[in-house]
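Spelled out, the chains give:
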Amino acid sequence: MSAQSFYANVPQHLVAVDCIIFGFENGRLKLLIMQRKVDPMQGDWSLMGGFLQKDESVDDAAARVLKQTTGLENIYMDQLGCYGDVGRDTGARVISMAYYALIRITEQEHVPSQAYSAHWLELHQIPNLIFDHRQMIADALKKLRDNAHFHPIGFELLPEKFTLSQLRSLYEEIFQHELDKRNFRKKILSMNILEKLEEKDKTTSKKGAHLYRFDKLKYEELKTRGLVFEI
């Protein structure tokens, strides 16, 4: 039997990508979700996603969805897993590859709600979602927490310049528990991966708080010497 004949007799399935897009704003971890525009379940809340095109890999498809919805390229993205329960999509047999992404909301190039009826919502505000999207979010949060514990991916959510209080608030949001202020400051500064700037953030006090910047090159150099990042 020729390869063409063999493949012709194999069941054909649709492949989708779904993106769990995290952002951080006003001290809160947020998620970008949209109202679905097509049946089935038109008008219900959904993750950002789309179908795999003929000429692209699943990684390329996820990057395309992120570009279309946020206007951003070359952002942190990690494959979460494959979701393939037979009845997961009520419209057809669809296998989904899920990704989670971390973006700086302030750098977002266009307002997603204009084209996608999309909104940034805090985690406790997330409504009922279609299909297995709620499970995808739970899995993405677990992977985010695991990765953030030993890798400096949290900085992908912060603006280029940030205060130590903002950094601590971010990790408190990721881990969903309070961190001791003094211990956190001591630990993060001891890694020697932050550049202290002369500028100050005076939005919360007249005295202001020093701004810092994550030195990625220094982190990579120190990592080769045995630095272990751990929060």
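For the structure, check the block above.
As the structure is a computational prediction, the values presented were derived from the model and not from experiment.

J.: Explanation requested: the packing of helix 4 (residues 133-150) against helix 5 (residues 164-175) in the structure shown.
T.: Between two packed helices, the angle of one axis relative to the other and the distance separating the axes together describe the packing. Relative orientation of the contacting elements helix 4 and helix 5 amounts to 140 degrees, with a least axis distance of 9 Å. Considering the angle they form, helix 4 stands oblique to helix 5. Across the interface between the two elements, Leu144, Arg145, Ala148 and His149 of helix 4 pack against Tyr171, Ile174 and Phe175 of helix 5.

J.: Before we go on, may I ask you to explain the nonpolar core in this structure?
T.: As a rule of thumb, nonpolar side chains are buried together in soluble globular proteins. Formed by 45 residues in total, the largest nonpolar core has its most connected members in Ile20, Phe22, Leu167, Tyr171 and Leu194. Those residues within four positions of tyrosine 171 in sequence are excluded, and the remaining contacts are Ala148, His151, Pro152, Gly154, Gln176, Leu179, Phe184, Phe229 and Ile231. Grouped together as the second largest cluster of nonpolar side chains are 18 residues, Met34, Met48, Leu66 and Leu72 included.

J.: What is the right way to look at the environment of lysine 54 in this model?
T.: One can find lysine 54 in the loop between strand 4 (48-51) and helix 2 (58-70). Since its relative accessible area comes to 88%, lysine 54 is described here as exposed. In this structure, the C-alpha to C-alpha distance between lysine 54 and alanine 101, residues 47 residues apart in sequence, is 23 Å.

J.: Would you mind showing me how to read the side chain of aspartate 201 here?
T.: In this fold, aspartate 201 is placed in strand 8 (residues 194-201). One buried charged side chain, aspartate 201, makes no salt bridge at all; its nearest oppositely charged neighbour is lysine 202, positioned 9.7 Å away. The residues touching aspartate 201, leaving out its near neighbours within four places in the chain, are Thr163, Gln166, Gly208, Ala209 and Leu211.

J.: Would you take a moment to explain the pattern of salt bridges for this structure?
T.: Any two side chains of opposite charge can pair, given that their charged atoms come close. Within the structure shown, the criterion is met by 15 salt bridges. When the shortest N-O distance is used, the salt bridge between aspartate 78 and lysine 143 registers 3.5 Å. Within this pair, whereas aspartate 78 is found in strand 5 (residues 76-83), its partner lysine 143 is found in helix 4, the two being separated by 65 residues in sequence.

J.: Please clarify how the side chain of serine 96 should be interpreted in this entry.
T.: Here serine 96 shows up in strand 6 (residues 94-102). A distance of 2.6 Å separates polar atoms of two side chains, one belonging to serine 96 and the other to aspartate 18. The contacts of serine 96, once residues within four sequence positions are left out, are Ala16, Val17, Asp18, Gly81, Cys82, Tyr83, Arg88 and Met136.

J.: I keep staring at a positive patch on the surface and nothing clicks. Help me out?
T.: A cluster of basic residues, Lys181, Arg185, Lys196, Lys200, Lys202 and Lys207, forms a positive patch at the surface. Contributing elements (two or more residues each) for the positive patch: helix 6 (181-190) and strand 8. By secondary structure assignment, the location of arginine 185 is in helix 6.

J.: For this particular structure, what's the right way to read unusual backbone geometry?
T.: Peptide bonds are mostly trans, and most non-glycine residues show a negative phi. Between aspartate 39 and proline 40 the backbone carries a cis peptide bond, its omega angle lying at 0 degrees. Tracing the backbone through its elements, the reader meets proline 40 in the loop between strand 2 (28-35) and strand 3 (45-46). For phenylalanine 131, which is not glycine, the phi dihedral falls at a positive 50 degrees. Residue placement: phenylalanine 131 occurs in the loop between strand 7 (118-122) and helix 4.

J.: Help me understand the packing of helix 5 against helix 6, please; the structure alone is not making it clear to me.
T.: Look at helix 5 against helix 6: their axes get within 11 Å of each other, and the N-to-C directions meet at 105 degrees. Viewed along their axes, helix 5 and helix 6 adopt a mutual orientation that is roughly perpendicular. Seen from helix 5, the contacting residues are Leu164, Leu167, Arg168 and Tyr171; seen from helix 6, they are Lys181, Phe184, Arg185, Ile188 and Leu189. The residue makeup of the contact of helix 5 with helix 6, split by class, is six nonpolar, no polar and three charged.

J.: Could you clarify how one ought to interpret the packing of aromatic side chains in this entry?
T.: How two aromatic rings sit relative to each other is set out by the distance from centre to centre and by the angle between their planes. For the structure on display, the rule yields eight aromatic pairs. Each ring, one from phenylalanine 155 and one from phenylalanine 162, has its centre 5.6 Å from the other, and the planes form 40 degrees; the classification is tilted. Of the residues examined, phenylalanine 155 reaches a relative accessible area of 3% and is grouped as buried. Here the aromatic residues Phe155, Phe162, Phe214, Tyr219 and Phe229 are joined through ring pairs into a cluster of three or more.

J.: Got a minute to help me understand the pairing of strand 2 in this structure?
T.: In summary, the side chains of a regular strand alternate between the two faces of the sheet. The buried fraction of strand 2 is high, at six of eight residues. Here strand 1 (residues 14-25) folds back onto strand 2, and the loop between the two strands holds two residues, one of which, asparagine 26, carries a positive phi near 55 degrees. Pairing between strand 2 and strand 7: five bridges, direction antiparallel. By the bridge assignment, isoleucine 33 is partnered in strand 7 with histidine 119. Pairing between strand 2 and strand 3: two bridges, direction antiparallel. If you follow methionine 34 over to strand 3, its bridge partner there is serine 46.

What counts and how
- Residues numbered from 1 in each chain as written.
- Predicted model: local features only at pLDDT ≥ 70, side-chain atom pairs only at ≥ 80, totals over all residues.
- Heavy atoms only, no water.
- Axes fitted to C-alpha atoms, helices over the stretch in contact; angles between N-to-C directions.
- Helix = DSSP H or I, 4+ residues; strand = E, 2+ residues; numbered from the N terminus.
- Parallel < 35°, antiparallel > 145°, perpendicular 65-115°, else oblique.
- Contact = heavy atoms within 4.5 Å.
- Core = buried A, V, L, I, M, F, W, Y, C linked by side-chain atoms within 4.5 Å.
- Buried < 20%, exposed > 50% of the residue type's maximum accessible area, 1.4 Å probe, protein only.
- Lys, Arg positive; Asp, Glu negative; His and termini not counted.
- Salt bridge = Lys/Arg side-chain N within 4 Å of Asp/Glu carboxyl O.
- Polar contact = N/O pair within 3.5 Å; in protein donor to acceptor, adjacent residues only side chain to side chain.
- Patch = residues over 30% accessible without salt bridge, like charges linked within 9 Å, V, L, I, M, F, W, Y side chains within 5 Å.
- Areas by Shrake-Rupley, 256 points an atom, 1.4 Å probe, with all protein chains shown as cover.
- Charge placed at Lys NZ, Arg CZ, Asp CG, Glu CD.
- Nonpolar A, V, L, I, M, F, W, Y, C, P; charged D, E, K, R; others polar.
- Phe/Tyr/Trp six-rings, centres within 6.5 Å; stacked < 30°, edge-to-face > 60°.
- Pairing = 2+ DSSP bridges.

All we've got here are geometric facts, nothing functional implied.
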